[in-house]
Amino acid sequence: MLKSPLFCSNRGSRLAILLLIVVSGGVAHLTAQESADAVTIFNQAQDMHEKGDLAGAISLYEKALTVLPDFPEAVFQRASAHLALGNMDEAEKGFRRAVELRAGWSLPLANLGSLLVERDQLAEAEKILLRAVETEPNDPIALAGLVDLRLRTGASREALKELLDRITPLTLKANPSVSLWTARAALESGLGRIGPAKENLAKALTADPTNRTAVLMMAGIALTEGDTVRAEALASRLGQTSSDASNMLRAKIAAQEGRYEEAIIFLDALKRPTTSAADLRKRIDASRAVTPSELEKQLQADANNPYILGRLCSLYRREAPEKALLFCRRASEAEPNNVNHAVGFGAALVQAKQYDSAIGLFTKLLAVVPDNATAHANLGTALFQLKRYAEAKKEFRWLTDAQPGSAAAYYFLAVSHDQLGEYLDAGANYQQYLRLADPVENKLEIEKINLRLPALQKLIKKR
């Protein structure tokens, strides 16, 4: 649960103090001008860092460090930029160096501890995080790292509740940090309180829509709820970064959708595979080794096994949707509280073109899980196929509002508006789709839209 380190605040006064520290801290061989130059370069690096030019910031931090090698702020901020780029080895090295340069500084301690948790170096991480909390009891990064550590090591409910009681009051203060919201959400989730966890993550994402920790956690919850559509949309917020965390998320999504070869590619891209990655690889290997016919044989000995029924529901959904329906229904009956089976059953109904039944199921399902994007997408698809465009439009509008970076919903929303004679809205959504669509994967749809747009413009002018 890594957090982005904080930038130095009150820059003018802070750098003036920093300059005094530098001059008096064992670098007497430097002139005052050289020290001032290093601070000026650091200041420029901070500006680039805040603007998102991480590579440029790193270059300037290194330039400052050629003048002042023992410049703790520059060492720390360079490490934070490496962390944001997913350069974990460089980030760890930098945080360790910052701790050496200023032993009592909670920020590098907290970030180093959190980084070590993510890298499964839990014993050392605990010692460092406890030092950070001892130094600064309310440090949000240290507390969040401690939460991650406790969850990974299977701490007792009492220990999780104690941490939650410690963090909750901090989120009620003015302008709580995103890391506190995500830490609180992680504890709620660990205690089985999914609703409050999602509420806290929503607050974190409102404050920072691309916060990596919040995105990963929300996507993880979506996967447990069978909502691969929402998980995919959240993963897209991470951009093209190839950090271990983002690759692991994409591997889980692909595996849950039965795209095992793609999942293996993401697992192979992990720089430091964790225990959970090894477990996922084993599950994928087991799933690929067992054919549908073999799974059906296993059912003869264990007819109500929800895992086997759920696997058959997924495996047959595209190739034999009618057969998938049977297994999806049985899986849902065997494990009625598992929303994954219900969503899978509904998706199989759509694949089997039983649109009326799918609409009935997803309407009921959304009354229970109103923010399940997979359910909204399937309901919208069923309504669209029945040419119930006014109703379908509502579902696709929900999807575009919930996932503004996802292209597909804009296409179906545009077509729905088009079919309803709402040409201005159709044109706007066609244009949004063109901005977001992949030119290779969505070539056919793009060509259709480009053919449609001239006629659509004429219809708009007639209105």
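Asks: Looking at this structure, how should I read the overall build of the protein chain?
Replies: Scanning the protein chain from N- to C-terminus turns up 26 helices and 0 strands. On the principal axes, the C-alpha backbone points of the protein chain span a range of 80 × 65 × 40 Å. Taking all 463 residues of the protein chain together, 48% fall into the buried category. Partitioning the contacts of the protein chain with sequence separation of at least 6, the portion at a separation of at least 24 is 53%. Accessible surface computed for the protein chain: about 22,500 Å², of which carbon and sulfur atoms make up 53%. Of the side chains in the protein chain, 57 bear a positive and 55 a negative charge, and the two mean positions are spaced by 4 Å.

Asks: Even after reading the chapter, I still don't get the confidence of the model for the protein chain, so can you show me in this structure?
Replies: Detailed reading of the predicted model is not advised wherever pLDDT is low. Put simply, the protein chain has an average pLDDT of 87, and 92% of its residues get 70 or more. Counting interchain partners and residues more than four positions distant, the pLDDT-below-50 stretch residues 1-28 has 68 contacts.

Asks: What's the story with the packing of helix H17 (residues 292-301) against helix H18 (residues 306-315) in this structure? I'm lost.
Replies: Orientation of H17 relative to H18, taken along the N-to-C sense of each, is 150°, at an axis distance of 10 Å. Here H18 runs roughly antiparallel to H17, going by the angle between their axes. Seen from above, H17 lies across H18 with left-handed handedness. The segment H17 lies against H18, with Pro-292, Leu-295, Glu-296, Gln-298 and Leu-299 engaging Ile-308, Leu-309, Arg-311, Leu-312 and Leu-315. Within the contact of H17 with H18, the residues separate by chemical class into 7 nonpolar, 1 polar and 2 charged.

Asks: Help me out: how do you make sense of the nonpolar core in this one?
Replies: Considering soluble globular proteins, one finds that nonpolar side chains tend to be buried as a cluster. Counting 73 residues, the largest nonpolar core has Phe-71, Phe-95, Val-147, Ile-167, Leu-187, Leu-201 and Leu-249 as the members making the most contacts within it. For this core, the leading source of residues is helix H12 (residues 212-224), giving 8 residues. Other than its neighbours up to four places away in sequence, Leu-249 contacts Leu-216, Ala-219, Leu-223, Ala-235 and Leu-238. Counting 54 residues, the second largest nonpolar core, distinct from the first, contains Val-343, Phe-345, Leu-349 and Ala-375.

Asks: What is the right way to read unusual backbone geometry from this model?
Replies: Among all residues except glycine, the phi angle is most often negative; among peptide bonds, the trans geometry is most common. Although it is not a glycine, Asn-175 sits at a positive phi angle of roughly 50°. Residue position: Asn-175 is located in the loop between helix H9 (157-171) and helix H10 (178-190). For Asn-175, a relative accessible area of 77% corresponds to the exposed category.

Asks: Which parts of the structure should I look at to understand the packing of helix H8 (residues 140-152) against H10?
Replies: Axis angle and axis distance: for two packed helices, these are the angle between their axes and the distance between the axes, and together they describe the pair. Where H8 contacts H10, the two axes come as close as 9 Å, and the packing angle between them is 20°. In terms of orientation, H8 and H10 fall into the roughly parallel class. Handedness of the H8/H10 crossing: left-handed. Together, Pro-140, Ile-141, Leu-143, Ala-144, Val-147 and Leu-151 of H8 and Ser-179, Leu-180, Ala-183, Ala-186, Leu-187 and Gly-190 of H10 make up the contact between the two elements. Each residue belonging to the contact of H8 with H10 can be placed in one class, and the counts come to 10 nonpolar, 2 polar and no charged.

Asks: Where do I start with the pattern of salt bridges in this structure?
Replies: Pairing between side chains of opposite charge can happen when the charged atoms of each approach one another. The final tally for this structure, using the stated rule, is 24 salt bridges. Across the pair Arg-212 and Glu-118 runs a salt bridge, and its minimum N-O distance is 3.9 Å. Here Arg-212 is found in helix H12, whereas its partner Glu-118 is found in helix H6 (residues 106-118), with 94 residues between them in sequence. For Glu-118, a relative accessible area of 16% translates into the label buried. A salt bridge links Asp-371 to Lys-198, with the nearest nitrogen and oxygen atoms 3.0 Å apart. Remark: Lys-198 occurs in helix H11 (residues 194-207) and Asp-371 occurs in the loop between helix H21 (355-368) and helix H22 (373-385); sequence separation between them is 173 residues. A residue is classified by how much of its surface remains accessible, and Lys-198, at 16% relative accessible area, is buried.

Parameters and conventions
Residues numbered from 1 in each chain as written. Predicted model: local features only at pLDDT ≥ 70, side-chain atom pairs only at ≥ 80, totals over all residues. Heavy atoms only, no water. Helix = DSSP H or I, 4+ residues; strand = E, 2+ residues; numbered from the N terminus. Buried < 20%, exposed > 50% of the residue type's maximum accessible area, 1.4 Å probe, protein only. Contact = heavy atoms within 4.5 Å. Areas by Shrake-Rupley, 256 points an atom, 1.4 Å probe, with all protein chains shown as cover. Lys, Arg positive; Asp, Glu negative; His and termini not counted. Charge placed at Lys NZ, Arg CZ, Asp CG, Glu CD. pLDDT = per-residue confidence, 0-100. Axes fitted to C-alpha atoms, helices over the stretch in contact; angles between N-to-C directions. Parallel < 35°, antiparallel > 145°, perpendicular 65-115°, else oblique. Left-handed = near helix turned anticlockwise from the far one by under 90°. Nonpolar A, V, L, I, M, F, W, Y, C, P; charged D, E, K, R; others polar. Core = buried A, V, L, I, M, F, W, Y, C linked by side-chain atoms within 4.5 Å. Salt bridge = Lys/Arg side-chain N within 4 Å of Asp/Glu carboxyl O.

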